[in-house]
Amino acid sequence: MAERTSEQTLSGAVLSISASLPATYDAAGYGATSVAFTAVGSIEQYGDHGGTANVSRFTPVATGVTNKLKGAIDYGVMNLIMAYIPSDSGQDIVEAAFASKNHYSVKIAYPAGAGETTGEIHYLDVLVTKRVWQDGAVDDVRKLAVDLEVCKPTVIVAGS
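Each value, and the rule that gives it
- Residues numbered from 1 in each chain as written.
- Predicted model: local features only at pLDDT ≥ 70, side-chain atom pairs only at ≥ 80, totals over all residues.
- Heavy atoms only, no water.
- Salt bridge = Lys/Arg side-chain N within 4 Å of Asp/Glu carboxyl O.
- Helix = DSSP H or I, 4+ residues; strand = E, 2+ residues; numbered from the N terminus.
- Buried < 20%, exposed > 50% of the residue type's maximum accessible area, 1.4 Å probe, protein only.
- Phe/Tyr/Trp six-rings, centres within 6.5 Å; stacked < 30°, edge-to-face > 60°.

Undergrad: Whenever I open this one, the pattern of salt bridges confuses me. Can you help?
TA: Charged atoms that come close allow side chains of opposite charge to pair. Per the stated rule, a full pass over the model turns up 3 salt bridges. For glutamate 44, the salt bridge is made with lysine 143, and the minimal N-O distance between the two is 2.8 Å. Here glutamate 44 is found in strand S3 (residues 43-45), whereas its partner lysine 143 is found in strand S9 (residues 143-150), with 99 residues between them in sequence. Classification of glutamate 44 by relative accessible area gives exposed; the value is 54%. One salt bridge connects aspartate 135 with arginine 142, and the closest N-O pair in it is separated by 4.0 Å. Judged by its relative accessible area of 59%, aspartate 135 falls in the exposed class.

What follows is the structure, given as structure tokens:
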């Protein structure tokens, strides 16, 4: 199947979490039935995920030209904003993950785009490092801000 050639909204995407880790950090490992994912409810905003490389710099006096070398890669932090729903099973796992020092698996299932029957899937290996209530004014929805520190490269399964 050819890759999607048009824009797509995030509407319909589902983020799920699992305390189980895959046997291998690839599509087969994450897709195994031993990794059971639970959807996290009422996410209003998904943050960014992907890698950023550090740049090491060295400027020799003789040339005055800065040499740049690609350094360590950081897979970033995905910042989530969600409505606070204490009875949501996915949010319960997020709470347990924040209290734990263990890694968790995350699955982001995107909706099928034009010409696709299945949407793209991203799998992440994460640590939950932030879980903060966001209170506000009288008409504001009670929310949680959650940070997922991404620890390995994103595993992408293309839509078809």
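Undergrad: What exactly am I supposed to notice about the packing of aromatic side chains here?
TA: By convention here, two paired aromatic rings are described through the distance between centres and the angle between planes. Counted by the stated rule, this structure contains 4 aromatic pairs. With a centroid separation of 4.8 Å and 5° between ring planes, the pair formed by tyrosine 30 and tyrosine 123 is classed as stacked. Taken together, the residues tyrosine 30 in helix H1 (residues 27-31) and tyrosine 123 in strand S8 (residues 121-134) connect sequence positions 93 residues apart. Accessibility assignment for this pair places tyrosine 30 and tyrosine 123 in one class, buried. Judged by centre distance (6.0 Å) and plane angle (35°), the rings of phenylalanine 37 and tyrosine 123 are tilted. In this pair, phenylalanine 37 is assigned in the loop between H1 and strand S2 (38-39) and tyrosine 123 in strand S8, connecting sequence segments 86 residues apart. Residue classification places phenylalanine 37 among the partly exposed residues on the basis of a relative accessible area of 22%. Every member of this aromatic cluster is reached through a ring pair, and the members are Tyr25, Tyr30, Phe37 and Tyr123.

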